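# Residue-level structure breakdown
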Amino acid sequence: MKIGLGLYREQLTPDNLQFAVQAGATHIVAHLTNYFRGVDPRIASGDDSGWGDCSDDTLWTYEELRDLVEMVREAGLELAAIENFSPKFWHDILLDGPKREEQIEDLKQLVRDAGRAGVPCIGYNFSLAGVYGWTRGPYARGGAESVGFGVKEDQHKRPDPNAPISDGMVWNMRYRKPEPNAPQITATSDEMWDRLSRFLNDLVPVAEEAGVVLAAHPDDPPAEQLRGTARLVNRPEKYDRLMGVIDSPSNGLELCLGSLQEMPGGEIYEHVRRYARANRIGYIHFRNVKGKIPHYVETFVDEGDIDMAEIVRVLRDENYQGVLIPDHTPAMQCAASWHAGKAFALGYMKALVQNMDALGPSRSAP
């Protein structure tokens, strides 16, 4: 197992790469979509203004991807993945709109260029509403700022889960100006699975040839429906359906432990074991939560409902060789809250991985 750190676009600096090395990471997951242009990288609650405007984004080029890989390597790290396509690149793939075929060809070129540049994995989240509906509050240990869903004390701050998606927006970002009298965006479960299936059948063969894994993130929040649109992977077993669309090592999973734990159902460990054994995990978001849909909060990595040591035992037993990154870490009370939160999570993760053979037998082994 390898330890990595996720960095948003404006965080891809020499100082933050040096911080990653100092904190014990060996890999980087890079976000090139600039959700937080010019602002602090805090996860937004997701109101109608969304995370930002990507209407000026242009398709990432081979040269841009090559330079990213080289910059990360010069810092003594390796690029594990790029996370998330810009909505500007694939809004009509998600919406089944008139530019779908053009955008599929663009993504094919992007995947080919990524493989040629040395990018081994691209994470994506096939969703119309995206990440939406959270509130922010002192939900983690010691009153550390975190995010939650359905927190009863903060219902008055929560965005309306039934609010329609504004025209010209998808995945909680604006890709063009709204048009007057546009119809409301809706999608059924069958429609979303059909769009995903066509996406995978178009892109996975290209990814195979390019040596790239396409890794699907589960729904967060894992509701049945959000903003008038169906969700896709809102139960752990729906990952099996996704993998079954096209059986290929390039059709992989961006395994978010927090999102899986938020879902209804039994314990998470058997699902993690199954996916690791199938060798279909692109990389893992190593984060923890308390509660399940419709009420949960995100926590420090060591205080949630998941036994993270057991996750490492499971991954150890299944010989998982991929990357773990911290995700959505609570902000600690200091002048460098983001860095402090990530450093705590990375230290905890590194200690588990370094001592995985001393953790004893898995408690959830079949």
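Preceding this section is the structure that the text describes.
Being a predicted model, the structure only gives us computed values, none of them experimental.

What follows concerns the packing of aromatic side chains. Enumeration over the complete set of coordinates arrives at 13 aromatic pairs. Considering the side-chain rings of Tyr8 and Tyr35, the 5.7 Å spacing of their centres and the 90° angle between planes classify their relative orientation as edge-to-face. Of this pair, Tyr8 sits in the loop between strand 1 (2-7) and helix 1 (14-22) while Tyr35 sits in the loop between strand 2 (27-30) and strand 3 (52-53), placing them 27 residues apart in sequence. The pair Tyr8 / Tyr35 is uniform in exposure class, with both members buried. Here the aromatic rings of Tyr35 and Trp171 are separated by 6.0 Å at their centres, their planes lie at 35°, and the arrangement is tilted. Highlighted residues: Tyr35 in the loop between strand 2 and strand 3 and Trp171 in the loop between strand 8 (169-170) and strand 9 (173-174), separated in sequence by 136 residues. A relative accessible area of 3% places Trp171 in the buried class.

So, on to the packing of helix 4 (residues 100-117) against helix 5 (residues 189-210). When two helices pack together, their arrangement is captured by the angle between the axes and the distance separating the axes. The N-to-C vectors of helix 4 and helix 5 enclose an angle of 25°; their axes lie 9 Å apart at closest approach. Judged by the inter-axis angle, helix 4 sits roughly parallel to helix 5. The two elements helix 4 and helix 5 cross, and the hand of that crossing is right-handed. Counting all contacts with helix 4, which are made through Arg100, Ile104, Leu107, Lys108, Val111, Arg112 and Gly115, the residues of helix 5 involved are Arg198, Phe199, Asp202, Leu203, Val206, Ala207 and Ala210. Of the residues contributing to the contact of helix 4 with helix 5, the split by class is eight nonpolar, one polar and five charged.

Right, let's get into the nonpolar core. Ile28, Tyr124 and Phe199 are the most contacted members of the largest nonpolar core, which totals 116 residues. No other element matches the nine residues that helix 5 contributes to this core.

Okay, the pattern of salt bridges next. Inspection of every chain in the model, using the stated rule, returns 28 salt bridges. Where Glu105 meets Lys108, a salt bridge forms, and the shortest distance between an N and an O atom there is 3.4 Å. Here Glu105 and its partner Lys108 are both found in helix 4, three residues apart, which amounts to about one turn of the helix. The exposure class of Glu105 is partly exposed, given its relative accessible area of 42%.

Moving on, we get to the pairing of strand 5 (residues 121-124). A regular strand places its side chains on the two faces of the sheet in alternate fashion. Residues Cys121 and Gly123 point to one face of strand 5 and Ile122 and Tyr124 to the other, with burial holding for every one of them. Taken together, the two bridges between strand 4 (residues 78-83) and strand 5 define a ladder with parallel strand orientation. Bridging from a neighbouring strand, Glu83 pairs with Gly123 of strand 5. Where strand 5 and strand 10 (residues 213-216) come together, four bridges link them in parallel fashion. By the bridge assignment for strand 10, Ile122 is matched with Leu214.

Judged from the four bridges that link them, strand 6 (residues 135-140) and strand 7 (residues 144-149) form a sheet pairing that is antiparallel. Looking at the pairing, Arg136 lines up with Val147 of strand 7. Joining the antiparallel neighbours strand 6 and strand 7 is a turn of three residues, in which Gly142 adopts a positive phi near 70°.

Here we come to the sheet that holds strand 3. Strand order across the open sheet formed by three strands is 3-9-8, with mixed pairing between neighbours. In the strand order of this sheet, the two ends are held by strand 3 and strand 8, each with one partner. Two elements, strand 8 and strand 9, share two bridges in a ladder whose sense is antiparallel. Opposite Val170, over in strand 9, you have Met173 as the bridge partner.

The next point concerns the layout of surface pockets. Here the second largest pocket is characterised by a volume of approximately 470 Å³. Lining the second largest pocket are 23 residues, with His91, Asp92, Leu95, Tyr175 and Arg176 positioned closest to its centre. No other element matches helix 3 (residues 87-95), which puts five residues into the lining of the second largest pocket. Considered class by class, the residues forming the lining of the second largest pocket number eight nonpolar, six polar and nine charged.

Calculation criteria
- Residues numbered from 1 in each chain as written.
- Predicted model: local features only at pLDDT ≥ 70, side-chain atom pairs only at ≥ 80, totals over all residues.
- Heavy atoms only, no water.
- Phe/Tyr/Trp six-rings, centres within 6.5 Å; stacked < 30°, edge-to-face > 60°.
- Helix = DSSP H or I, 4+ residues; strand = E, 2+ residues; numbered from the N terminus.
- Buried < 20%, exposed > 50% of the residue type's maximum accessible area, 1.4 Å probe, protein only.
- Axes fitted to C-alpha atoms, helices over the stretch in contact; angles between N-to-C directions.
- Parallel < 35°, antiparallel > 145°, perpendicular 65-115°, else oblique.
- Left-handed = near helix turned anticlockwise from the far one by under 90°.
- Contact = heavy atoms within 4.5 Å.
- Nonpolar A, V, L, I, M, F, W, Y, C, P; charged D, E, K, R; others polar.
- Core = buried A, V, L, I, M, F, W, Y, C linked by side-chain atoms within 4.5 Å.
- Salt bridge = Lys/Arg side-chain N within 4 Å of Asp/Glu carboxyl O.
- Pairing = 2+ DSSP bridges.
- 1 Å grid on protein atoms, 1.4 Å probe; cavity = no way out; pocket = protein on both sides within 12 Å on 5 of 7 lines; lining within 4 Å.
- Points joined across faces, edges and corners; volume = space filled by probe spheres on them.

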